[in-house]
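# Summary of the model geometry
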Amino acid sequence: MAEKFKWTIPNVLSVYRLCISPFIFATLLLDKNTLFTVLLSISLVTDILDGFIARQFNMMTKIGAKLDSIADTVTVILAIGGMLIFKQGDISPFLKKFYILIGS
C-alpha cells in the first residue's frame, strides 16, 4: 500500500521549495540578481530546516525524502544557472573545469 502524504513541517518546506522554483527561475530570465540571491538563500535555509526538523522530531517519511530530493535537485540546478548567468565573468576562465564538475 502506498504511503499517504502528510502535511508535516518538513514536507511543507519541501513543497515551498518546489513552488518557489519557477519564481527563482523567472529572476534568472529577468536578470534580477539580488532577488535571485534572496529567494535562493531562503530556499537553501528551508532545505537545512526541513532535514533538521524531520530528524529532530522523527517526521521522516518516504514521500518526504523523495520530495526533498526533488526539491534539492531543482535548487542545485537553479544555483548553477545563477552562477552561469550572474557570475559568468568570474567563472569564464574556469568554464571547462566547471562543466566537468557539473557533469560529474
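These lines cover the structure that appears in this document, whether it is placed above or below. Since this is a predicted model, take the numbers as computed values, not measurements.

The rules behind these values
- Residues numbered from 1 in each chain as written.
- Predicted model: local features only at pLDDT ≥ 70, side-chain atom pairs only at ≥ 80, totals over all residues.
- Heavy atoms only, no water.
- Helix = DSSP H or I, 4+ residues; strand = E, 2+ residues; numbered from the N terminus.
- Buried < 20%, exposed > 50% of the residue type's maximum accessible area, 1.4 Å probe, protein only.
- Areas by Shrake-Rupley, 256 points an atom, 1.4 Å probe, with all protein chains shown as cover.
- Lys, Arg positive; Asp, Glu negative; His and termini not counted.
- Charge placed at Lys NZ, Arg CZ, Asp CG, Glu CD.
- Polar contact = N/O pair within 3.5 Å; in protein donor to acceptor, adjacent residues only side chain to side chain.
- Contact = heavy atoms within 4.5 Å.
- Patch = residues over 30% accessible without salt bridge, like charges linked within 9 Å, V, L, I, M, F, W, Y side chains within 5 Å.
- Salt bridge = Lys/Arg side-chain N within 4 Å of Asp/Glu carboxyl O.

### Some remarks on the overall build of the protein chain
Scanning the protein chain from N- to C-terminus turns up 5 helices and 0 strands. Each helix and strand of the protein chain, ordered N terminal to C terminal, gives the series α-α-α-α-α. Expressed as lengths along the three principal axes of its C-alpha atoms, the size of the protein chain is roughly 50 × 30 × 25 Å. Each of the 104 residues in the protein chain was classed as buried or not, and the buried ones make up 31%. Accessible surface computed for the protein chain: about 7,200 Å², of which carbon and sulfur atoms make up 71%. Looking at the protein chain, you have 10 positive and 7 negative side-chain charges, and the mean spots of the two groups are 4 Å apart.

### Section: the environment of T37
Take T37: it is sitting in helix 2 (residues 33-56). Along the primary structure T37 and T27 are separated by 10 residues, whereas in three dimensions their C-alpha atoms are 9.2 Å apart.

### Focus: unusual backbone geometry
Phi angles above zero are rare outside glycine, and D31 is one such case at about 60 degrees. One can find D31 in the loop between helix 1 (9-29) and helix 2. Accessibility expressed as a relative area gives 56% for D31, which makes it exposed. Its identity is not glycine, yet N58 carries a phi of approximately 50 degrees, on the positive side. Tracing the sequence through the fold places N58 in the loop between helix 2 and helix 3 (62-86). The exposure class of N58 is exposed, given its relative accessible area of 63%.

### So, the side chain of S21
If you trace the backbone, S21 turns up in helix 1. Looking at S21, the relative accessible area reads 8%, which means it is buried. In this structure the side chain of S21 is engaged in a polar contact, spanning 2.7 Å, whose partner is the backbone oxygen of R17. The contacts of S21, once residues within four sequence positions are left out, are V74 and L78.

### A look at a nonpolar patch on the surface
On the surface, a nonpolar cluster with roughly 340 Å² of combined accessible area is contributed by F25, L29 and L30. Among the secondary structure elements, L29 is positioned in helix 1.

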